[in-house]
Every structure is written in structure tokens, then in C-alpha cells.
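Fold and geometry: a report
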Amino acid sequence: MGKNKKDVASSVECYMGEKGTTGEEAVAAIAAMIEDSWRTMNLACMDMDRALLPAAQLVVNIARSNEV
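These numbers come from a predicted model, not from an experiment. (Residues numbered from 1 in each chain as written. Predicted model: local features only at pLDDT ≥ 70, side-chain atom pairs only at ≥ 80, totals over all residues. Heavy atoms only, no water.)

1. A closer look at the overall build of the chain
Assigned secondary structure in the chain consists of three helices and zero strands. The linear arrangement of helices and strands in the chain, starting from the amino end, is α-α-α. By the burial criterion, 9% of the 68 residues in the chain qualify as buried. As displayed, the chain has an accessible area near 5,800 Å², and 60% of this comes from carbon and sulfur atoms. (Helix = DSSP H or I, 4+ residues; strand = E, 2+ residues; numbered from the N terminus. Buried < 20%, exposed > 50% of the residue type's maximum accessible area, 1.4 Å probe, protein only. Areas by Shrake-Rupley, 256 points an atom, 1.4 Å probe, with all protein chains shown as cover.)

Okay, here's the thing in C-alpha cells:
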């Protein structure tokens, strides 16, 4: 499946261009960044005061469920 001229580069393609890696290395590096961000966000949510405003809780929960 080819790309059109107006298509935007994917995150994997951008990483490959910036770091000079192969596709497999780029996918692994991006997956590691996502995992790290996921852990950081979950740890912050567990440490967070439960008195958080309901609107802020909604935003945090949407971000946490984004991967699903």
C-alpha cells in the first residue's frame, strides 16, 4: 500500500528519519516510550489526592483509557 504525496509521515517514519534506525527498532523504541509514559501517568494518578475535581478526573480517565 503506497503513500500519497499529501500523506503525513507516521510516528515510526519520523523516528526512523530522526534517529536513522530501522522500522523494527523504531517500533520498539516508540513502544518503550509509550510504556514509560503509561507507567508515569498511572503512578501519578495513584499518588494524586482523591479530592481532584470531577472534571479533572474525567480528563485523566480518558487519557488512561486512550490505549484501550
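Next comes the rest of the write-up.
2. Side note on the pattern of salt bridges
Under the defined criterion, the tally for this structure stands at one salt bridge. Across the pair Arg 39 and Glu 35 runs a salt bridge, and its minimum N-O distance is 3.1 Å. Taken as a pair, Arg 39 and Glu 35 lie in helix α2 (residues 23-47) at a separation of four residues, close to a single helical turn. With relative accessibility at 51%, the residue Arg 39 sits in the exposed group. (Salt bridge = Lys/Arg side-chain N within 4 Å of Asp/Glu carboxyl O.)

3. Things to note about the environment of Glu 24
Residue position: Glu 24 is located in helix α2. Taking C-alpha positions, Glu 24 is 9.0 Å from Val 12, a pair spaced twelve residues apart along the chain.

4. Some points on the environment of Ile 30
Within the element layout of this structure, Ile 30 appears in helix α2. Put simply, Ile 30 and Ser 11 are 19 residues apart on the chain and 8.1 Å apart in space, counted from C-alpha to C-alpha. Once residues lying within four places of it in the same chain are set aside, the contact partners of Ile 30 are Ser 11, Val 12 and Tyr 15. (Contact = heavy atoms within 4.5 Å.)

5. Focus: the confidence of the model for the chain
Confidence in the prediction for the chain averages 81 pLDDT; 84% of positions are at 70 or higher. Confidence, read as mean pLDDT per element, is least for helix α3 (residues 54-65) in the chain (77) and greatest for helix α1 (residues 11-19) (93). (pLDDT = per-residue confidence, 0-100.)

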